[in-house]
Amino acid sequence: MVSREVYALTGGLAPLMPSIEVSQLKRRPPSDEKITWQWLPFTSSARKDDLQLYHWARVVNGVPPTGDYSFAKYNKSVDVIRYTDEEYEKYLTDPTWTKEETDQLFDFCERFDLRFIIIADRFPTSRTVEELKDRYYSVSRAILIARAPSPGEVAGHPLVKEPYNVSQETERKRALSMVLSQTKHQERKDAEVIAEAKRIAESRMAAQGVEEPDLPVTSDIGPENAEKAIGHGDTISPSNVHVPSAAVAPSTSILADNTSTLASLRMVNLKPKVPTKAVCAEHLELRKEILTLLNLQKQLQYKEAEGSSFRDGSYGDMPGTPKRSLRAADQDRTFVPDTISFGGERVGKREQKRKGPGRVAETPSSPAHKRPRKLKASDL
């Protein structure tokens, strides 16, 4: 490698010859060795027919190389379990397989090194790859268990620990074939559906997280807290504050509903463990139905709270808003919270501007012509 300083001296031009370390150079042989290449015969232990072939071999000082063929070590074969006639009659009988078919299957497995695609192509009868695998692995597993002194000694063997599941393999190949046979239009459509479902779930979670801190807690509302909200005027006195007993129940139900909604949204966000086409379609349909149900529940809660506020004659739209009893002198005019500071001192300052020194407040319009202002969640 060239250092940064040396490379900067070249002006950014690439060197004419690559710079490498001396240790990476090819070592030259000692001068006392004479190396030649000769066309020599050889045999390989990987072959059983003692076939003699020729290749170029490196000869040092006239001595040809000895030993086995260098590539014979890469010839790996599978140890196929064999069985006797007595073992077959005792452990391996199957009504769908004959002994001749089973013997031929094991011969092909040993010959083709468990390449079941080739075995299925060469097999004389019409057997699927899954049927050939199932027969081979079931026979090998039965022989291992029968020959072991105790089942615990072969419990860790791969053939015993993880038996071949033919139904799962068939279903896996069927699902893979369906995925590979999809058109580009179907792939885009599936991707759009999944993206839309993800977007809806994320928006629901975000909206739920924003709404949670704004929930009213009416369990702390009482005469003591009501006195803190009352200003210096005499429109409402602490003795006239009326807190209904049912004010806590709607808040509790709202909290419980929101808790169940959060649990439902977390359940919608789950992913199927086996994402086949049928499972994904059912999962998306279930998500759609759950989101529709959550929408309906939210609308129902809003309508119930609105209807409850109109039935009770209250001026707020929250079920936990305490009612206020008016004096007899205020029955003919609209309720104006001139002394209650729901939003800080803003209401008091507005009233001071409206009522200047020496001016008498005009009589407001009757309730029939003007609806009372609804409180928002941010005012609480």
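Residues numbered from 1 in each chain as written. Predicted model: local features only at pLDDT ≥ 70, side-chain atom pairs only at ≥ 80, totals over all residues. Heavy atoms only, no water.

Caption draft 1: The arrangement of the overall build of the protein chain in detail. Tallying secondary structure elements over the protein chain gives 12 helices and four strands in all. In the protein chain, 56% of the contacts between residues at least 6 apart in sequence involve partners at least 24 apart. (Helix = DSSP H or I, 4+ residues; strand = E, 2+ residues; numbered from the N terminus. Contact = heavy atoms within 4.5 Å.)

Caption draft 2: Local environment of the confidence of the model for the protein chain. Confidence along the protein chain averages 74 in pLDDT terms, with 63% of residues attaining 70 or more. The secondary-structure element of the protein chain with the lowest mean pLDDT is strand E3 (residues 241–242), recorded at 40, while helix H4 (residues 116–122) shows the highest, at 95. In this model, residues 214–251 is a region of pLDDT below 50 whose contacts with residues beyond four sequence positions or in other chains number 46 contacts. (pLDDT = per-residue confidence, 0-100.)

Caption draft 3: Quick look at the packing of helix H5 (residues 129–147) against helix H7 (residues 166–180). One can describe the packing of H5 onto H7 by two numbers: an axis separation of 10 Å at closest approach and a directional angle of 155°. In terms of orientation, H5 and H7 fall into the roughly antiparallel class. The interaxial crossing formed by H5 with H7 has right-handed handedness. Between H5, through Val129, Glu130, Lys133 and Asp134, and H7, the contact on the second element is made entirely by Val166, Glu169, Thr170 and Lys173. In the contact of H5 with H7, the residues fall into two nonpolar, one polar and five charged. (Axes fitted to C-alpha atoms, helices over the stretch in contact; angles between N-to-C directions. Parallel < 35°, antiparallel > 145°, perpendicular 65-115°, else oblique. Left-handed = near helix turned anticlockwise from the far one by under 90°. Nonpolar A, V, L, I, M, F, W, Y, C, P; charged D, E, K, R; others polar.)

Caption draft 4: View of the packing of aromatic side chains. Summed over all chains, the structure comprises 15 aromatic pairs. On the numbers, 6.4 Å between centres and 10° between planes, the contact of tryptophan 39 with tyrosine 54 is stacked. Here tyrosine 54 lies in strand E2 (residues 53–60) and tryptophan 39 lies in strand E1 (residues 35–42), a separation of 15 residues in the sequence. Using a relative accessible area of 46% as the deciding quantity, one classes tyrosine 54 as partly exposed. Ring centres of phenylalanine 106 and tyrosine 136 lie 5.1 Å apart, and the angle between their planes is 45°; on these two criteria the pair is classed as tilted. (Phe/Tyr/Trp six-rings, centres within 6.5 Å; stacked < 30°, edge-to-face > 60°. Buried < 20%, exposed > 50% of the residue type's maximum accessible area, 1.4 Å probe, protein only.)

Caption draft 5: Quick peek at the side chain of arginine 287. If you trace the backbone, arginine 287 turns up in helix H11 (residues 277–312). Salt bridges are absent for the buried arginine 287, whose nearest opposite-charge side chain, glutamate 202, sits at 8.5 Å. At a separation of 2.6 Å, a polar atom in the side chain of arginine 287 contacts the main-chain carbonyl oxygen of alanine 197. (Lys, Arg positive; Asp, Glu negative; His and termini not counted. Salt bridge = Lys/Arg side-chain N within 4 Å of Asp/Glu carboxyl O. Polar contact = N/O pair within 3.5 Å; in protein donor to acceptor, adjacent residues only side chain to side chain.)

Caption draft 6: How the structure looks around unusual backbone geometry. The backbone phi angle of asparagine 61 is positive, close to 55°, even though this residue is not glycine. When you line up the elements, asparagine 61 lands in the loop between E2 and helix H2 (85–91). One non-glycine residue with positive phi stands out, namely aspartate 113, at about 55°. Take aspartate 113: it is sitting in the loop between helix H3 (99–111) and H4. Exposure remark for aspartate 113: the relative accessible area of 23% places this residue in the partly exposed category.

Caption draft 7: Main features of the pattern of salt bridges. What the rule picks out here adds up to 14 salt bridges. Across the pair glutamate 171 and arginine 174 runs a salt bridge, and its minimum N-O distance is 2.4 Å. Here the residue glutamate 171 and the residue arginine 174 both occupy positions in helix H7, the gap between them amounting to three residues, near one helical turn. With relative accessibility at 37%, the residue glutamate 171 sits in the partly exposed group. By relative accessible area, arginine 174 is classed as partly exposed at 41%. Among the charged side chains, a salt-bridge network with shared partners connects Arg82, Asp107 and Glu110.

Caption draft 8: Main features of the side chain of arginine 127. As for its position among the elements, arginine 127 is in the loop between H4 and H5. A distance of 3.0 Å separates the side chain of arginine 127 from the side chain of glutamate 101, its partner in a polar contact. Residue contacts for arginine 127: discarding those within four places in its chain leaves Thr96, Trp97, Glu101, Ala120 and Leu132.

Caption draft 9: Examining the nonpolar core more closely. Grouped together as the largest cluster of nonpolar side chains are 21 residues, with contacts concentrated most on Tyr83, Leu105, Phe116, Ile119, Leu132 and Tyr136. Mapped onto this core, the elements with two or more residues apiece are H3, H4 and H5. Considering each element in turn, this core owes the most residues, six residues, to H5. Once residues within four sequence positions are removed from consideration, tyrosine 83 is found in contact with Tyr88, Leu92, Thr102, Asp103, Phe106, Val139, Ile143 and Arg147. (Core = buried A, V, L, I, M, F, W, Y, C linked by side-chain atoms within 4.5 Å.)

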